[in-house]
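Coordinate inspection notes
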Amino acid sequence: MSDRVRVDLAAHRRVRPRPGAHDELVEQTPMGDALVRELMRVQLGLALRLAAVVAVALGGLPLLFSLWPAGTHVAVAGMPLPWLLLGVVSFPFLAGAGLVYTRLAERNEADFAALVGRPAERVTGSELSPQ
Amino acid sequence: MNAYALFAIATVTVATVAIGAWGIRLVRGTSDLLVASRMVSPTQNAAAIGGEYLSAASFLGVAGLILAYGAQMLWYPVGFAAGYLALLLFVAAPLRRSGAFTLPDFCEARLASPRLRRLATAFVLFIGWFYLLPQLQGAGLTFRIVTGAPSWVGVVLVGAVVTGNVAFGGMRSATYVQAFQYWLKLTAIAVPAFFLLARWNDDGRPAIPVDDAWLAPAGGMVATYSLILATFLGTMGLPHVLARFYTNPDGGSARRTTTIVLGLVGLFYLFPTVYGVLGRVYTPELATGRNDTVVLLLPAAALGPGLAADVLGALVAAGAFAAFLSTSNGLLTSVAGVLANDVLGRGRLAGWGPLPLFRAAALFAGAVPTGLALAVHGLNVSQVVGLAFAVAASSFCPMLVLGIWWRGLTAAGAAAGILAGGGSAVVAVLWTIFLPPAPGLAADLLAQPAAWTVPLAFAVMVSVSLATRRRVPGAVGAMLLRLHAPETLHSPETQRRSETSRL
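Residues numbered from 1 in each chain as written. Chains lettered and ligands numbered in written order. Predicted model: local features only at pLDDT ≥ 70, side-chain atom pairs only at ≥ 80, totals over all residues.

Structural notes on the overall build of chain B
Looking only at helices and strands, chain B features 24 helices and zero strands. In terms of C-alpha radius of gyration, chain B reaches 22 Å, essentially the compact-globule figure of 23 Å for 503 residues. A total of 503 residues make up chain B; the buried ones form 63% of that total. Pairs at least 24 apart in sequence give 85% of the contacts found in chain B among residues at least 6 apart. (Helix = DSSP H or I, 4+ residues; strand = E, 2+ residues; numbered from the N terminus. Rg over C-alpha atoms; globule rule 2.2 N^0.38 Å. Buried ≥ 20, exposed ≤ 12 C-beta atoms within 10 Å, placed from the backbone. Contact = placed C-beta atoms within 7 Å.)

Below you can see the structure in the form of structure tokens.
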């Protein structure tokens, strides 16, 4: 596996799409395989980073307030702090994380599509079917 | 007995049945869902997903738990919402691109193993039935409060209505019915909440009786983190969630729809807390009683007898019934579909046509949870739903995440992981519901099993896959390309397949 081809998804911003890259993709050549691996690596990295942010921000709260019990009595905007954070702030926070992820994931896919280019001609789908 | 509430419940039920019966002419199967998907906007589709997702647990259970146990129970609504974020980050777009309509479909498409498919079927049935059980119990409870009739009448009534609706009405209520149910539920929980807050303000803001344990955001650390794991990771493994995703035309729109769902679900979850907190003032006796009745009883208790209390009481009762009907409809359709396709269709009834088969499956699928709901009493609806989440998080979550992101997964690994993690969670759930509580820490580990069953499932799935790595499916590269590459790059043949086939 050490001779795996390396690909840079953002390269299309500097160079023209690789001619024939789409054919390599659907024909599962080493180059096509490397393209898919790179797309998965970038998308998984993005998902894991956002998941880590949410896990620390929300998952840290029980620990935080068990180490700092006085914090449960701190009132912000008329509400005890844990109630404000969990009962109100967490929901827009989660939606915001979702919005950021969707934007960045779509950009990764656009990079990938631009790098690969459109199919030069109609290709048969036999290699893509899951059998 | 509140005549307005009875009228409101009857209206919601009749409307759901009528539209279901009418919908049969519109929706007959997956291809019609696809047709619908091109006519429905992402916002409406997201509202439909939210409408099917917000169940009795969200509408009644969450407020009751907050009333009784305080801030540590805020993890239920936060987790129910965060589950959609985990779904978005790790599975939404690839799952839609897989073309799978059910979880067993995905198992077979990804790992090409009929035996794994059968195991997945068994887990779909278990999770589906344990999710239906609290919906029907909630229906019995609501019916008793509104009419004074015994609980079993409401259980049988809603069980029969939903079963009949699925069996004889249509394969699935049209998307816009579910979308309407979301807006109805949001209105039904939000409008009375504003009246209750105004009342509390007019009363001179009476102090809310609190103590340290009620204010703190965590009880036992193990139980809290276990609940977080179960709800964050369980959503993606619920049977009715995946089927709804099929109404997205492609992976990108599945992602955008899920983002809107996060917003809509989060908006809803701002309100149950209001009932839980004000319940401390106006219905303190429920904290030690049937706490999941607080949403239904609080308007009358806070506003006093009169027209306003009756109308708001009717509104929350209608919202609660919308919750039972929409969630049960979605769940029962998914369970009956899997039962017809993977169990009855392969057995003695194999010669039946698809529609009679589906009807027989729906009748059986509806009878099981109705019987369970009559036999089991006294559990909070959110807690039972939390157990279903724990099983989903320990079985389908690892299978989906590893299947989508790791080419090394094998059918043997997936099956072993589902059996070890999901099987342990099932044992813990059955113990919690049917046996006396275990002593000490074991009680926590059984009542909230996800903290150990989720890591167990992942560990077994990875290690057995590594041990059987020669059995990695040969076409895994092509499958992963299909899951991760945008549809515009798929060959025309693949695009056609992912749109029309159920694999």
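Quick notes on the overall build of chain A
Of the regular secondary structure elements, chain A holds three helices and two strands. Sequence-ordered secondary structure for chain A, helices as α and strands as β, is α-α-β-β-α. Per-residue burial for chain A yields a buried fraction of 33% across its 131 residues. A fraction of 75% describes how many contacts in chain A between residues 6 or more apart in sequence connect residues 24 or more apart.

Notes on the confidence of the model for chain B
Residue and element names in this part refer to chain B. Looking at chain B as a whole, its pLDDT mean stands at 85, while 91% of the residues score no less than 70. Per-element mean pLDDT across chain B ranges from 50 in helix H24 (residues 492-500) up to 96 in helix H22 (residues 450-467). Note on residues 497-503: pLDDT under 50 across the span, and 15 contacts to partners over four residues away in sequence or across chains. Note on the complex model: pTM 0.88, ipTM 0.89. (pLDDT = per-residue confidence, 0-100.)

Details of the interface of chain A and chain B
Of the residues lining the interface, 52 residues belong to chain A; the matching set on chain B comes to 48 residues. Mapped onto the side of chain A that touches chain B, the elements with two or more residues apiece are helix H1 (21-26), helix H2 (30-67) and helix H3 (81-116) of chain A.

Overview of the packing of helix H19 (residues 381-405) of chain B against helix H20 (residues 411-434) of chain B
Residue and element names in this part refer to chain B. Two elements in contact, H19 and H20, have axes separated by 8 Å at closest approach and are oriented at 175°. One way to sum up the angle between H19 and H20 is to call them roughly antiparallel. In this structure, H19 uses Leu387, Ala390, Val391, Ser394, Ser395, Pro398 and Met399 to contact H20, whose residues at the interface are Ala414, Gly417, Ile418, Gly421, Gly422, Ser424, Ala425, Val426, Val429 and Thr432. The residue inventory of the contact of H19 with H20, partitioned by class, reads ten nonpolar, seven polar and no charged. (Axes fitted to C-alpha atoms, helices over the stretch in contact; angles between N-to-C directions. Parallel < 35°, antiparallel > 145°, perpendicular 65-115°, else oblique. Nonpolar A, V, L, I, M, F, W, Y, C, P; charged D, E, K, R; others polar.)

Notes on the packing of helix H8 (residues 114-147) of chain B against helix H17 (residues 307-343) of chain B
Residue and element names in this part refer to chain B. Relative to each other, H8 and H17 sit at 155°, their axes nearing to 9 Å. With respect to H17, the element H8 is oriented roughly antiparallel. Handedness of the crossing formed by H8 with H17: left-handed. Looking at the contact of H8 with H17 residue by residue, the class counts come to 17 nonpolar, eight polar and three charged. (Left-handed = near helix turned anticlockwise from the far one by under 90°.)

Digging into helix H12 (residues 221-234) of chain B
Counted at 1.5 Å a residue, the expected span for H12 of chain B with its 14 residues is 20 Å, and the 19 Å between its end C-alpha atoms agrees. For H12 of chain B, a buried count of ten out of 14 residues is recorded, marking the element as mostly surrounded by other parts of the structure. Of the positions making up H12 of chain B, those classed as buried are Thr224, Ser226, Leu227, Ile228, Leu229, Ala230, Thr231, Phe232, Leu233 and Gly234 of chain B. Packed against the buried residues of H12 of chain B are H2 of chain A together with helix H5 (75-90), H19 and H22 of chain B. (Expected span 1.5 Å × (residues − 1).)

Some words on the confidence of the model for chain A
All names here are of chain A. Scored by pLDDT, chain A comes out at a mean of 79, with 69% of its residues at no less than 70. When the elements of chain A are averaged for pLDDT, H1 gives the smallest value, 67, and H3 the largest, 92. Confidence drops under a pLDDT of 50 for residues 120-131, and excluding neighbours within four residues, the segment shows 30 contacts in the predicted structure.

Let's talk about the nonpolar core
Residues and elements named next belong to chain B. Residues Ala317 and Ala318 are the most contacted members of the largest nonpolar core, which totals 211 residues. Sort the elements by how many residues they give to this core and H17 lands first, with 20 residues. With residues near it in sequence (within four places) discarded, Ala317 still touches Ala5, Ala8, Ile9, Thr142, Val146 and Leu296. (Core = buried A, V, L, I, M, F, W, Y, C linked by C-beta atoms within 7 Å.)

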